[in-house]
Amino acid sequence: RQTISLFSSLPPTPLDEPFSVNGAYIQDSHPQKVNLGIGVYRSEDGAPWPLRVVEDAEKELYDAKNVGRHEYLAIQGDRAFLQLAADLVFGFGKGKSSAPAVIEDPRSRVVSVQTVSGTGANRLGAELLARNIRPGCVWIPDPTWANHHTIWELAGVERKTYPYYDSVSQSFNFEGTIRTLSESARKNDVVILHACAHNPTGADPTREQWDALAKLCNAKGLIPFFDLAYQGFASGDADKDAWAIRHFFNDMHMPEFCVAQSFSKNFGLYGQRVGALHVVTRPAVHDVTQDLQATLCHLIRGEYSMAPRGGAEIVRTVLADQRLRERWFEDLTTMSQRIQRMRHTLYDELLKLKTPGDWKHIVNQIGMFTYIGLSEPQVLAIREEYHIYMLKSGRISISGLNERNVGYVAQAIDDVVR
Ligand code: PLP
């Protein structure tokens, strides 16, 4: 009888830091504990906040008593949802596009499939490119959302990094990025770009810098891969947050690139797993979109058959109805403004305390996260002594702050940096 399990010598796997920090926070019974670890929106009460418009749409869907509501979707996903999702990213139907004249309708250059949220879109895109384009490598920003590494490792593509963050100026390292990609990237290499609200630093390129990045990708034949996890959530304005993608598409005529779109944060539908992968194709004599769609559906079918339908129906219901859309914009404003307010309050508190250091980046950075600027020992000390949880890089989720705990957090930061 075999006594050793087939699984007794599995290679060690890294812990997922945001989820393990969240687990440690839940276990902690300290009354003043603060969770700045996980990237989810929290209200002023520190509670989850189902968007009001989502609750309205859910009610509408429920009342409609559609007997087909639990049926299978197409492998591609919910087509009406996909068209609305693509419109949201690319701004189709919002006036003139300067896309190359060969193709009348710029929509026809984009193949969209529904995915298991943003993670699934990143994964499917990686799988598509790994199997069919065989890129020399993928260029991943350093630092980045840690799952980019896992996703591309599993897709079997060599990973290289470009220096995204300048810790002295606490902003996007434009020179370092351009230098690295100019000197070392090769044709058909993939470049991961956070479309807005870079996770974990909250530091984004300026419009001029995006323009230079697009020119570089175009000149070198690189394949941009946009990760769009915070559209509308970052600035409160869904058009503004999609600016970089639309610039690549409309103004820079970027021939082929991918967009991984998530509705986790901007609709608060984290566990519903709503997302899409959009692949932009070259306007070509031979239309490749049908083959591309078939290839994506083949990958989806073998992996999980199709994405779940519930959350996508909610998003579709909202985006298809002008009245609900307006309500969604209001909810986006509520979330993004609360985050902005918390950035300013934390900054003001640190100024009041005369905490050593320059904290201006807290208000300059955008979105859910800030690289607060604490070292790993300081992060551990703040957890040990104050029960405040953040990632060891010093990434904090601003949405974990509220009027009641922000003074306490500022005091704790002040203490550990002195
Ligand atoms: N990409 C980035 C940069 C993220 O921060 C996240 C979530 O935190 C995701 C993708 C994917 O999230 P989800 O799979 O929930 O859509």
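Bear in mind that the values here come from a model prediction, so they are computed numbers and not experimental data.

Participant: Explanation requested: the overall build of the protein in the structure shown.
Facilitator: Assigned secondary structure in the protein consists of 15 helices and 13 strands. For 418 residues, the compact-globule estimate of 2.2 N^0.38 gives 22 Å, and the C-alpha radius of gyration of the protein, at 22 Å, lies within 12% of that figure. Judged by the C-alpha coordinates and their principal axes, the protein covers about 70 × 65 × 60 Å. Restricting the contact set of the protein to residue pairs at least 6 apart, pairs at least 24 apart contribute 76%.

Participant: Would you take a moment to explain the sheet that holds strand 9 (residues 257–262) for this structure?
Facilitator: Strand-to-strand pairing in sheets goes through backbone hydrogen bonds, with the strands running parallel or antiparallel. What the seven strands build is an open sheet, ordered 2-10-9-8-7-3-4; its pairing is mixed. Lying at the two open borders of the sheet, with one neighbouring strand each, are strand 2 (110–116) and strand 4 (159–163). Sheet twist, expressed as the average angle between the axes of neighbouring strands with direction ignored, equals 25 degrees. By the bridge criterion, two bridges tie strand 3 (residues 138–142) to strand 7 (residues 190–194) in an arrangement that is parallel. Its bridge partner being in strand 7, Trp 139 is matched across the sheet by Val 191. Helix 5 (residues 147–154) contacts strand 3, strand 4 and strand 7 of the sheet and is inclined by roughly 165 degrees relative to strand 3. Running at roughly 150 degrees to strand 8 (residues 223–228), helix 9 (residues 243–251) makes contact with strand 8, strand 9 and strand 10 (274–280) of the sheet.

Participant: I keep staring at the site of the ligand and nothing clicks. Help me out?
Facilitator: In the region of the ligand, 13 residues are neighbours, and Ser 117, Gly 118, Thr 119, Ser 262 and Ser 264 sit closest. It is helix 4 (residues 117–132) that provides the largest number of residues to the shell around the ligand, a total of three residues. Classifying every residue of the shell around the ligand gives three nonpolar, nine polar and one charged.

Participant: Help me understand helix 10 (residues 289–303), please; the structure alone is not making it clear to me.
Facilitator: Three or four residues apart is the spacing at which side chains of an α-helix point the same way, because the helix has 3.6 residues per turn. Taking 1.5 Å of rise per residue, the 15 residues of helix 10 would be expected to cover 21 Å, and the 21 Å separating its terminal C-alpha atoms lies within 8% of that figure. Ser 305 sits one or two residues past helix 10 and shows a positive phi near 70 degrees.

Participant: How should I be thinking about the pairing of strand 7 in this particular structure?
Facilitator: Regular strands place side chains that alternate from one sheet face to the opposite one. Most of strand 7 is tucked away, with five of its five residues classed as buried. Going residue by residue along strand 7, you find Val 190, Ile 192 and His 194 tucked away on one face and Val 191 and Leu 193 tucked away on the opposite face as well. The handedness of the strand 7 to strand 8 crossover, carried by helix 7 (residues 207–220), is right-handed.

Participant: I would appreciate a short explanation of the nonpolar core in the present structure.
Facilitator: Generally speaking, soluble globular proteins have nonpolar side chains that are buried together. One finds Val 191, Phe 225, Phe 226, Ile 245 and Val 315 to be the most contacted residues of the largest nonpolar core, which totals 110 residues. For Phe 225, the contacting residues outside a window of four places in its chain are Gly 125, Val 190, Val 191, Ile 192, Leu 193, Phe 257 and Cys 258.

Participant: Where do I start with the packing of helix 4 against helix 10 in this structure?
Facilitator: Packed helices, taken two at a time, are described by their axes: the angle between them and the distance between them. It is the contact of helix 4 with helix 10, at a shortest axis distance of 10 Å, that shows an interaxial angle of 115 degrees. By crossing handedness, the relation of helix 4 to helix 10 is classed as right-handed. Contact residues: helix 4 offers Leu 124, Glu 127, Leu 128 and Asn 132, while helix 10 offers Thr 295, Leu 296, Leu 299 and Ile 300. Of the residues that constitute the contact of helix 4 with helix 10, the class distribution is five nonpolar, two polar and one charged.

Participant: What am I meant to see in helix 14 (residues 376–386) here?
Facilitator: Along helix 14, the residues that are buried comprise Val 379, Ile 382 and Arg 383. With its buried residues spanning 95 degrees around the axis, helix 14 presents them on a single face. Helix 14 presents Pro 377, Glu 384 and Glu 385 as exposed residues on the side facing more than 90 degrees away from its buried surface. Lining the buried residues of helix 14 we find strand 12 (388–389) and helix 15 (406–417). Phi turns positive one or two residues past the end of helix 14, at His 387, with a value near 60 degrees.

Participant: Can you walk me through unusual backbone geometry in this structure?
Facilitator: Note: most residues except glycine have negative phi, and most peptide bonds are trans. With an omega dihedral of 5 degrees, the bond running from Asp 142 to Pro 143 counts as a cis peptide bond. Within the element layout of this structure, Pro 143 appears in the loop between strand 3 and helix 5. The step from Asn 199 to Pro 200 runs through a cis peptide bond, and the omega angle for that step is 20 degrees. Following the sequence through the fold, Pro 200 ends up in the loop between strand 7 and helix 7.

Participant: Is there a simple way to think about the environment of Met 390 in this case?
Facilitator: The topology assignment puts Met 390 in the loop between strand 12 and strand 13 (395–397). The spacing of Met 390 and Ile 38 is 352 residues in sequence and 8.0 Å in space, taken between C-alpha atoms. In this view, Met 390 contacts Leu 36, Gly 37, Val 379, Arg 395 and Ile 396; residues no more than four positions away in its chain are not counted.

Participant: Would you take a moment to explain the packing of helix 11 (residues 310–319) against helix 12 (residues 322–352) for this structure?
Facilitator: With their axes 6 Å apart at the nearest point, helix 11 and helix 12 run at an angle of 105 degrees to one another. Here helix 12 runs roughly perpendicular to helix 11, going by the angle between their axes. Together, Thr 317, Val 318 and Leu 319 of helix 11 and Leu 324, Arg 325 and Trp 328 of helix 12 make up the contact between the two elements. Of the residues belonging to the contact of helix 11 with helix 12, the class tally is four nonpolar, one polar and one charged.

Participant: I tried to follow the environment of Phe 329 on my own but got confused; where do I start?
Facilitator: You can see Phe 329 is positioned in helix 12. The class for Phe 329 is partly exposed, based on 15 C-beta atoms found within 10 Å. On a C-alpha basis, the gap between Phe 329 and Asp 237 in space is 7.5 Å, while along the polypeptide they are 92 residues apart.

Participant: Sorry if this is basic, but what is going on with the pairing of strand 9 here?
Facilitator: For strand 9, the tally of buried residues reaches six of six residues, placing the bulk of the element in the interior. Along strand 9, one buried face is formed by Phe 257, Val 259 and Gln 261 and the opposite face, lined by Cys 258, Ala 260 and Ser 262, is buried too. Note that strand 8 and strand 9 share four bridges and pair parallel. Bridged to Leu 228 within strand 9 is Gln 261. Pairing geometry for strand 9 and strand 10, over six bridges, is antiparallel. Opposite Gln 261, over in strand 10, you have Ala 276 as the bridge partner.

Conventions we followed
- Residues numbered from 1 in each chain as written.
- Predicted model: local features only at pLDDT ≥ 70, side-chain atom pairs only at ≥ 80, totals over all residues.
- Helix = DSSP H or I, 4+ residues; strand = E, 2+ residues; numbered from the N terminus.
- Rg over C-alpha atoms; globule rule 2.2 N^0.38 Å.
- Contact = placed C-beta atoms within 7 Å.
- Pairing = 2+ DSSP bridges.
- Axes fitted to C-alpha atoms, helices over the stretch in contact; angles between N-to-C directions.
- Near = placed C-beta within 6 Å.
- Nonpolar A, V, L, I, M, F, W, Y, C, P; charged D, E, K, R; others polar.
- Expected span 1.5 Å × (residues − 1).
- Buried ≥ 20, exposed ≤ 12 C-beta atoms within 10 Å, placed from the backbone.
- Right-handed = clockwise from strand over helix to strand, strands pointing away.
- Core = buried A, V, L, I, M, F, W, Y, C linked by C-beta atoms within 7 Å.
- Left-handed = near helix turned anticlockwise from the far one by under 90°.
- Arc of directions from axis to C-beta.
- Parallel < 35°, antiparallel > 145°, perpendicular 65-115°, else oblique.

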